[in-house]
Amino acid sequence: MLPFQESSRRELRSYPVVWAVIKVGAHTETELEDRKLGIEDAKNVTFAAMDEGIVPGGGATYIHLLEQVSSIKNSMEDENEKIGADIVAKK
């Protein structure tokens, strides 16, 4: 192992986050650039979702909140919001 490889490994171990390496290959330079841009877009979307607090889809939030609808409803002051909470609880 070369000295710079060892120092790079030590530096990576000091970070408290998880790192990933994505290797991208293609037959042509144009295809390679297109794939790199797609991966960069996916990475940016993932980080934006993490920053904004986006939750998983497919009804996961609905399932997790079903048990708490009644307590949330009791804290609401607007009658229309309470009706909405009843509708959510019945589905």
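With an unreviewed UniProt entry as reference, the chain is termed chaperonin 60 subunit alpha 2 chloroplastic, source organism Salix koriyanagi. Under the heading Sequence similarities (unreviewed entry), UniProt records this for the chain: "Belongs to the chaperonin (HSP60) family."

Caption draft 1: Here's a closer look at the overall build of the chain. Each helix and strand counted, the chain has five helices and zero strands in total. Shown N-terminal to C-terminal, the secondary structure of the chain runs as helices and strands in the order α-α-α-α-α. Going through the 91 residues of the chain one by one, you find that 3% of them count as buried. For the chain, the exposed area adds up to about 8,200 Å²; of that, 58% sits on carbon and sulfur atoms.

Caption draft 2: Main features of helix H2 (residues 29–52). In this model, H2 (24 residues) spans 34 Å end to end at C-alpha, consistent with the 34 Å of a helix rising 1.5 Å per residue. Phi turns positive one or two residues past the end of H2, at Gly53, with a value near 80°.

Caption draft 3: View of the confidence of the model for the chain. When pLDDT is averaged along the chain, the result is 80, and 75% of the positions lie at 70 or above. Within the chain, the element-level pLDDT minimum falls on helix H1 (residues 3–14), averaging 63, and the maximum on H2, averaging 88.

Caption draft 4: Structural context of the pattern of salt bridges. A complete count under the given rule lists four salt bridges for this structure. Among the salt bridges present, the one from Glu31 reaches Arg35, with a minimum N-O distance of 2.9 Å. With Glu31 and Arg35 both in helix H2, this residue pair falls four residues apart, about one helical turn. Since its relative accessible area comes to 28%, Glu31 is described here as partly exposed. What makes Arg35 partly exposed here is its relative accessible area of 40%. Residue Lys82 pairs with Glu79 through a salt bridge whose shortest N-O separation is 4.0 Å.

Caption draft 5: Here's a closer look at the environment of Thr46. Here Thr46 shows up in helix H2. Among the residues examined, Thr46 registers a relative accessible area of 44% and is labelled partly exposed. A polar side-chain atom of Thr46 sits 2.8 Å from the main-chain carbonyl oxygen of Ala42.

Parameters and conventions
- Residues numbered from 1 in each chain as written.
- Predicted model: local features only at pLDDT ≥ 70, side-chain atom pairs only at ≥ 80, totals over all residues.
- Heavy atoms only, no water.
- UniProt positions renumbered as here; feature names shortened; annotations may be inferred.
- Helix = DSSP H or I, 4+ residues; strand = E, 2+ residues; numbered from the N terminus.
- Buried < 20%, exposed > 50% of the residue type's maximum accessible area, 1.4 Å probe, protein only.
- Areas by Shrake-Rupley, 256 points an atom, 1.4 Å probe, with all protein chains shown as cover.
- Expected span 1.5 Å × (residues − 1).
- pLDDT = per-residue confidence, 0-100.
- Salt bridge = Lys/Arg side-chain N within 4 Å of Asp/Glu carboxyl O.
- Polar contact = N/O pair within 3.5 Å; in protein donor to acceptor, adjacent residues only side chain to side chain.

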